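Close look at the chain arrangement
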Amino acid sequence: MFETLRDQPADKILMLMQTYKADPRTDKIDLGVGVYKDPTGLTPVMRAVKAAEKRLYETQDTKTYVGLAGDPAFADAMIGLVLDGAVARDRIAAVATPGGTGAIRQALELIRLAAPTATVWLSNPTWPNHPSIIKYLGMKSAEYRYFDEATRGVDFAGLMEDLGHVSTGDVVLLHGCCHNPTGANLSADQWAEVIALLKKRGAVPFVDIAYQGFGDGLDADAQATRMVAAAFDECLIAASCSKNFGIYRERTGLLMAIGKDAAQAKLSQANLNFLNRQNFSFPPDHGARIVTMILTDPALRADWEAELEEVRGTMLGLRKQLADELRRLTNSDRFDFIAHHRGMFSRIGTTPDKVEKMRADNGIYMVSDSRMNIAGLNTATVPILARAIVDAGV
Ligand code: LMR
């Protein structure tokens, strides 16, 4: 039977990881996949994670099943981190999932169960796995404009115009913070306008928040998500712990489905448990347990928050250094947007040819749409990148 299979489209981010690995150049620079690297190029295990793992190793006396939704303490801790009381707890159904991708997948499956004909609106551009999963599930999608190629900021007028065509019951996927792949984000006032418009259109918002703590800080980065959650009767939130806890391979995420009341949340909860059972039964527990320990232990939490702030500060410093260097080399402010973008990524806004030129000539790897992972840089590689950007004629 397997001869009937067709090749599947390769994920461009994962493909880039392979090409980078295969490149023998020792001075190559990886700005591809969204992984934080310290100045020595290592993706470290965070201090609080190590401490929690040690404690877990010493105290855990069973690895028996937990429950289809995962440990309720994990859901409570993450709901606290993301929503901080913006919505009554009894309106929230939640399941632990294998990473943020798992949360997105389960959200889409829930939407498909509840409203199979709903259109899911995606920002153009968005994380490539969003449209890929939607297509795989046979769901309908549409795009709304997001990025202004000229300013490298948000095309807010285009966004509002496109979202004005959303129909009642459509789902609108929004990046809670640190937009991937552009790094361009809405201001609080713009969020308020988007919320008012989506309410008027009768849309259901679906927030993907995968970089909380990487932009303007843990609370600031969750503000938009909290505003959305508080404003709508129904909404979905997919939260990832991969980046902000640095536990990428542990696959730790949470899907929240907010309903208009406790009865609706109960029904959503039963459906989410069912979906987990159909897809993988019990969600992974190790990462979720580590996150719960960190969020509920004041000392571990303080240390985690401090280290996350160090990571954020490092990325902001690199942004500024790169913008300054480009300002110096080009004698212009046209790359200042890099310092204004937030999160791990910036789309520098150039053609795949020029991206390819930087790869061939300088061993610099960024995604073909010109998304670069700022966290893949260090103070020594910033000038090399700046020079390559200029030499490629970006
Ligand atoms: C990315 O966008 O690079 C990350 O979210 C990793 C991934 O799975 O694509």
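Since the model is a prediction, treat every value here as computed from it, not as a measurement.

Next up on the list: the domain arrangement of the protein chain. Per the domain assignment, the segments making up the protein chain are domain 1 (10-44 + 308-391) and domain 2 (65-296). Using only C-alpha atoms to locate each centre, domain 1 and domain 2 end up separated by 27 Å. In this assembly, 25 residues from domain 1 lie in contact with 26 residues from domain 2. Each partner contributes to the roughly 2,000 Å² buried at the junction of domain 1 and domain 2, and carbon and sulfur atoms together form 57% of this total. Put simply, domain 1 and domain 2 have two salt bridges between them.

It is worth spelling out the site of the ligand at this point. Taken together, the residues surrounding the ligand are Ile13, Val33, Gly34, Trp127, Asn180, Tyr211, Lys243, Phe345 and Arg371. Within the backbone of Gly34, an N or O atom sits 2.7 Å from an oxygen atom of the ligand. Among the detected pockets, the ligand sits in the largest pocket. For the shell around the ligand, the class distribution of residues is five nonpolar, two polar and two charged. Structurally, the shell around the ligand is a two-domain feature, drawing no fewer than three residues from each of domain 1 (10-44 + 308-391) and domain 2 (65-296).

Another point: the nonpolar core. Judged by nonpolar contacts, the single largest core of 97 residues is most densely connected at Met78, Leu163, Ile237, Met256, Trp304 and Leu322. Here this core spans two domains, since at least three of its residues come from each of domain 1 (10-44 + 308-391) and domain 2 (65-296). Excluding residues within four positions of it along the chain, Leu163 makes contact with Trp121, Tyr144, Val172, Val194, Leu197, Leu198 and Arg201. With 32 residues, the next largest nonpolar core counts Ala69, Val95, Ala107 and Val120 among its residues.

Turning our eyes to something else, we now look at the layout of surface pockets. Approximately 640 Å³ is the volume found for the largest pocket. For the largest pocket, the lining is made up of 28 residues, of which Val33, Gly34, Thr101, Trp127 and Lys243 are closest to its centre. Elements with a contribution of two residues or more to the lining of the largest pocket: α1 (12-22), α4 (99-114), α5 (129-136) and β8 (204-209). When its residues are assigned to classes, the lining of the largest pocket shows 14 nonpolar, nine polar and five charged. Here the lining of the largest pocket spans two domains, and each of domain 1 (10-44 + 308-391) and domain 2 (65-296) adds at least three residues to it. Quantified by volume, the second largest pocket comes out at close to 490 Å³. Around the second largest pocket sit 14 residues that line it, and Gln8, Pro9, Ser132, Ile133 and Tyr136 are the ones nearest its centre. No other element matches α5, which puts six residues into the lining of the second largest pocket. By residue class, the composition of the lining of the second largest pocket is six nonpolar, three polar and five charged. Two domains each put at least three residues into the lining of the second largest pocket: domain 1 (10-44 + 308-391) and domain 2 (65-296).

Looking now at the packing of aromatic side chains. In this description, an aromatic ring pair is defined by two values, namely the gap between the centres and the angle between the planes. Under the definition given, this model contains six aromatic pairs. With 5.2 Å between their ring centres and 85° between their planes, Tyr20 and Tyr365 make a pair best called edge-to-face. Taken as a pair, Tyr20 in helix α1 and Tyr365 in strand β12 (residues 364-365) lie far apart in primary sequence, 345 residues in all. Of the two residues examined, Tyr20 and Tyr365, each falls in the buried class. Where Phe245 meets Trp304, the ring centres are 4.2 Å apart and the plane angle is 5°; that geometry is what we call stacked. Here Phe245 is found in the loop between β9 (235-240) and β10 (253-258), whereas its partner Trp304 is found in helix α11 (residues 298-330), with 59 residues between them in sequence. Trp304 gets classed as buried once you look at its relative accessible area, which sits at 0%.

Rules of the game
Residues numbered from 1 in each chain as written. Predicted model: local features only at pLDDT ≥ 70, side-chain atom pairs only at ≥ 80, totals over all residues. Heavy atoms only, no water. Domains from an automatic or database assignment. Contact = heavy atoms within 4.5 Å. Buried area = accessible area lost by both parts, 1.4 Å probe. Salt bridge = Lys/Arg side-chain N within 4 Å of Asp/Glu carboxyl O. Near = heavy atom within 4 Å. Polar contact = N/O pair within 3.5 Å; in protein donor to acceptor, adjacent residues only side chain to side chain. 1 Å grid on protein atoms, 1.4 Å probe; cavity = no way out; pocket = protein on both sides within 12 Å on 5 of 7 lines; lining within 4 Å. Sits in = over half its atoms within 2 Å of the grid points. Nonpolar A, V, L, I, M, F, W, Y, C, P; charged D, E, K, R; others polar. Core = buried A, V, L, I, M, F, W, Y, C linked by side-chain atoms within 4.5 Å. Buried < 20%, exposed > 50% of the residue type's maximum accessible area, 1.4 Å probe, protein only. Points joined across faces, edges and corners; volume = space filled by probe spheres on them. Helix = DSSP H or I, 4+ residues; strand = E, 2+ residues; numbered from the N terminus. Phe/Tyr/Trp six-rings, centres within 6.5 Å; stacked < 30°, edge-to-face > 60°.

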